[in-house]
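Chain by chain, the residues:
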Amino acid sequence: MRHPCADAFAELSSRLAGAEDVRRVEVPGRPHAYVFELVGTGVEAAWLRSSPPGQPALVWNGATLTFRPQFTYAQRS
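Okay, so let's go over this structure. (Residues numbered from 1 in each chain as written. Predicted model: local features only at pLDDT ≥ 70, side-chain atom pairs only at ≥ 80, totals over all residues. Heavy atoms only, no water.)

### Quick word on the side chain of threonine 72
Residue placement: threonine 72 occurs in strand β6 (residues 70-73). A distance of 3.3 Å separates a polar atom in the side chain of threonine 72 from a polar atom in the side chain of asparagine 61. Apart from residues lying up to four places away in sequence, threonine 72 is in contact with Gly42, Val43, Glu44, Trp60, Asn61 and Ala63. (Helix = DSSP H or I, 4+ residues; strand = E, 2+ residues; numbered from the N terminus. Polar contact = N/O pair within 3.5 Å; in protein donor to acceptor, adjacent residues only side chain to side chain. Contact = heavy atoms within 4.5 Å.)

Here's what the structure looks like:
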């Protein structure tokens, strides 16, 4: 049995080419959100471990996060 986190890790590791570092991005008030910046690529990998009932959907860089990883381009200034 594979877990969503294992799939996310496999996808993330396949996108590390050219990355200088991987940094976790904190999402205030959303401890179940996992966002990682692939430094040097402009790409972020993001997913939710779970979402408590009644909590609104989390949209990150235009992608609605679920338990499956989303890869987006970082929008930082």
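Additional details are given in the paragraphs that follow.
### Things to note about the pattern of salt bridges
Tallying each qualifying case throughout the model produces one salt bridge. A salt bridge links arginine 23 to aspartate 21, with the shortest nitrogen-to-oxygen separation between them at 3.5 Å. Residue classification places aspartate 21 among the partly exposed positions, given a relative accessible area of 35%. (Salt bridge = Lys/Arg side-chain N within 4 Å of Asp/Glu carboxyl O. Buried < 20%, exposed > 50% of the residue type's maximum accessible area, 1.4 Å probe, protein only.)

### Looking at the nonpolar core
One finds Val25, Val27, Ala33, Val35, Ala46, Leu48, Leu58, Trp60 and Leu65 forming the largest nonpolar core, which totals nine residues. Those elements that provide at least two residues to this core are β2 (33-39) and β3 (43-48). Once residues within four sequence positions are removed from consideration, valine 35 is found in contact with Arg23, Arg24, Val25, Val27, Glu44, Ala45, Ala46 and Trp60. Judged by nonpolar contacts, the second largest core, of five residues, contains Ala8, Phe36, Ala45 and Trp47. (Core = buried A, V, L, I, M, F, W, Y, C linked by side-chain atoms within 4.5 Å.)

### Overview of the environment of tryptophan 60
Residue placement: tryptophan 60 occurs in strand β4 (residues 59-60). Spatially, the C-alpha atom of tryptophan 60 lies 9.7 Å from that of glutamate 44, the residues being 16 residues apart in sequence.

### Some details on the sheet that holds β3
Note on sheets: strands pair through backbone hydrogen bonds, and any given pair is parallel or antiparallel. Taken together, four strands build an open sheet; the order of strands is β1-β2-β3-β6 and the sheet is antiparallel. Two strands lie at the open edges of the sheet, namely β1 (21-25) and β6, each paired on one side alone. Ignoring strand direction, the axes of neighbouring strands in this sheet form an average angle of 25°. Relative to β6, β3 is paired through four bridges, and the arrangement is antiparallel. Bridge assignment links glutamate 44 to a residue of β6, and that residue is threonine 72. (Pairing = 2+ DSSP bridges. Axes fitted to C-alpha atoms, helices over the stretch in contact; angles between N-to-C directions.)

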